Amino acid sequence: MNHYTTLAGKTDNSLVSNNFGFLRLPLDFNPYEGNAEWVITGIPYDIAVSGRSGARFGPESIRRASVNLTWEHKRFPWTFDVRERLNIVDCGDLVYSFGDSCDFVGKLEDHALQLLQAGKKCLSLGGDHFVTLPLLRAHAKHFGKLALVHFDAHTDTYANGSEFDHGTMFYTAPKEGLIDPSRSVQIGIRTEHDKSLPFTVLSAPQVNDDSVETTIAKIKETVGNMPVYLTFDIDCIDPAFAPGTGTPVCGGLTTDRALKILRGLTDLNIVGMDVVEVAPAYDQADITALAGATIALEMLYLQGAKKGGLK
């Protein structure tokens, strides 16, 4: 059963064309079939936030900002056009019963698992960070236990939240056997967390003071050759560069440093990816949406580089 709706059904005049999605890529009305390698899904969900709501509008704002990235065929500093190397489609936004988190969780997991079983891979645009938990469930069913590479200001390993809470996913995921925390790394952390947990935590001060090469080496050493789920909470970026998010924390990474770290992860076996927590109501001049779109595109370039063997 299809649990998504296409952007073609929207009437947002800010979209360049109602026949295209992220990066003006084609919309796929049946993403489970066809020859697409990567399927982009918007997840307009923010019921699990603990702070400011509004991330449900993240997918729309990221798609709109991505129009600014379409003119550059060989995106700097890469030497190829990812649209020529990967077959990528956008299937629009997930549909679920409004206000029903149980329905949401089931439909998102089912949608992602159907894509994976059809030989596709998922790039998801949130939505608050809770959306990563049902995505991890689908990916773990298909690939087995995963390593997590997690960019964030918060570890999201807090045990005192509710069942639907964007701060508890990575407390729950190890308990369900979805991820191996001893092979998982969290980058950009700058809030209170349980230091006794086996996650490798690279704090924002540490990452900002270390060289980019040192950070990349620590990520690779931790993960090894495990299948990797890559999740990027936009609040990893300092609010000076990404103010449009629900729980901003000063002292974060610049977009430049985050992109340089991402570009160094081509060797990892990344099997799923998401960008979450863009909340455009708090944005200025769309800079957070542009950061989210750029990070999502950079993730796709990682896959294109791995497929082609060249940067």
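Residues numbered from 1 in each chain as written. Predicted model: local features only at pLDDT ≥ 70, side-chain atom pairs only at ≥ 80, totals over all residues. Heavy atoms only, no water.

- The chain has the name Agmatinase in an unreviewed UniProt entry, where Neisseria iguanae is given as its organism.
- Its UniProt record, at the heading Pathway (unreviewed entry), says of the chain: "Amine and polyamine biosynthesis; putrescine biosynthesis via agmatine pathway; putrescine from agmatine: step 1/1."
- According to its UniProt record, the chain has this under Sequence similarities (unreviewed entry): "Belongs to the arginase family. Agmatinase subfamily." (UniProt positions renumbered as here; feature names shortened; annotations may be inferred.)

### Regarding the packing of aromatic side chains
Working step 1: In this structure the tally under the stated criterion is nine aromatic pairs.
Working step 2: Ring geometry for Tyr96 versus Phe104: centroids 5.0 Å apart, planes at 70°, classification edge-to-face.
Working step 3: Classification of Tyr96 as buried rests on a relative accessible area of 14%.
Working step 4: By relative accessible area, which is 0% here, Phe104 ends up buried.
Working step 5: Taking 4.8 Å as the distance between ring centres and 15° as the angle between the ring planes, the aromatic pair formed by Phe151 and Phe232 counts as stacked. (Phe/Tyr/Trp six-rings, centres within 6.5 Å; stacked < 30°, edge-to-face > 60°. Buried < 20%, exposed > 50% of the residue type's maximum accessible area, 1.4 Å probe, protein only.)

### Things to note about the UniProt feature "binding site: Mn(2+)" (unreviewed entry) in the chain
Working step 1: Within this numbering scheme, the UniProt entry marks His129, Asp152, His154, Asp156, Asp233 and Asp235 as carrying the feature "binding site: Mn(2+)" (unreviewed entry). Look at the named residues: they lie 107 residues apart in sequence, but the longest C-alpha span between them is just 12.2 Å, so in the fold they bunch up.
Working step 2: Residues within four places of Asp152 in sequence aside, it is in contact with His129, Ile187, Gly188, Ile189, Arg190, Asp233, Asp235 and Cys236.
Working step 3: Here the side chain of Asp152 touches His129 through a polar contact of 3.2 Å, side chain to side chain.
Working step 4: Examined against the element boundaries, His154 turns out to sit in the loop between strand 5 (147-151) and helix 5 (169-175).
Working step 5: Filtering out sequence-adjacent residues up to four positions away, His154 remains in contact with Ile189, Thr191, Asp235, Thr247 and Val249. (Contact = heavy atoms within 4.5 Å. Polar contact = N/O pair within 3.5 Å; in protein donor to acceptor, adjacent residues only side chain to side chain. Helix = DSSP H or I, 4+ residues; strand = E, 2+ residues; numbered from the N terminus.)

### Examining the environment of Gly167
Working step 1: Note that Gly167 resides in the loop between strand 5 and helix 5.
Working step 2: For the pair Gly167 and Leu197, spaced 30 residues apart in sequence, the C-alpha to C-alpha distance is 15 Å.

### Some remarks on the confidence of the model for the chain
Working step 1: Of the residues in the chain, 93% reach a pLDDT of 70 or more, and the chain-wide mean stands at 91.
Working step 2: pLDDT under 50 marks residues 6-18. Its contacts with residues more than four places away, or in other chains, come to 22 contacts. (pLDDT = per-residue confidence, 0-100.)

### What about the packing of helix 3 (residues 101-117) against helix 4 (residues 132-143)?
For any two helices packed against each other, the geometry is given by the interaxial angle and the distance between the axes.
Working step 1: Relative to each other, helix 3 and helix 4 sit at 35°, their axes nearing to 8 Å. As for the relative orientation of helix 3 and helix 4, their crossing is right-handed in sense. Between helix 3 and helix 4, the contacting residues are Phe104, Val105, Leu108, Glu109, Ala112, Leu113, Leu116 and Gln117 on the first element and Pro134, Leu135, Arg137, Ala138, His139, Lys141, His142 and Phe143 on the second.
Working step 2: Along the lines of polarity and charge, the residues of the contact of helix 3 with helix 4 split into ten nonpolar, three polar and three charged. (Axes fitted to C-alpha atoms, helices over the stretch in contact; angles between N-to-C directions. Left-handed = near helix turned anticlockwise from the far one by under 90°. Nonpolar A, V, L, I, M, F, W, Y, C, P; charged D, E, K, R; others polar.)

### Looking at helix 4
Working step 1: With twelve residues, helix 4 should reach 16 Å at 1.5 Å per residue; the first-to-last C-alpha distance of 16 Å fits that figure.
Working step 2: Taken across its twelve residues, helix 4 has nine buried, putting it largely inside the fold.
Working step 3: Residues of helix 4 that are buried: Thr132, Leu133, Pro134, Leu135, Leu136, Arg137, Ala138, His139 and Ala140.
Working step 4: Phi turns positive, to about 90°, at Gly144, one or two residues after helix 4. (Expected span 1.5 Å × (residues − 1).)

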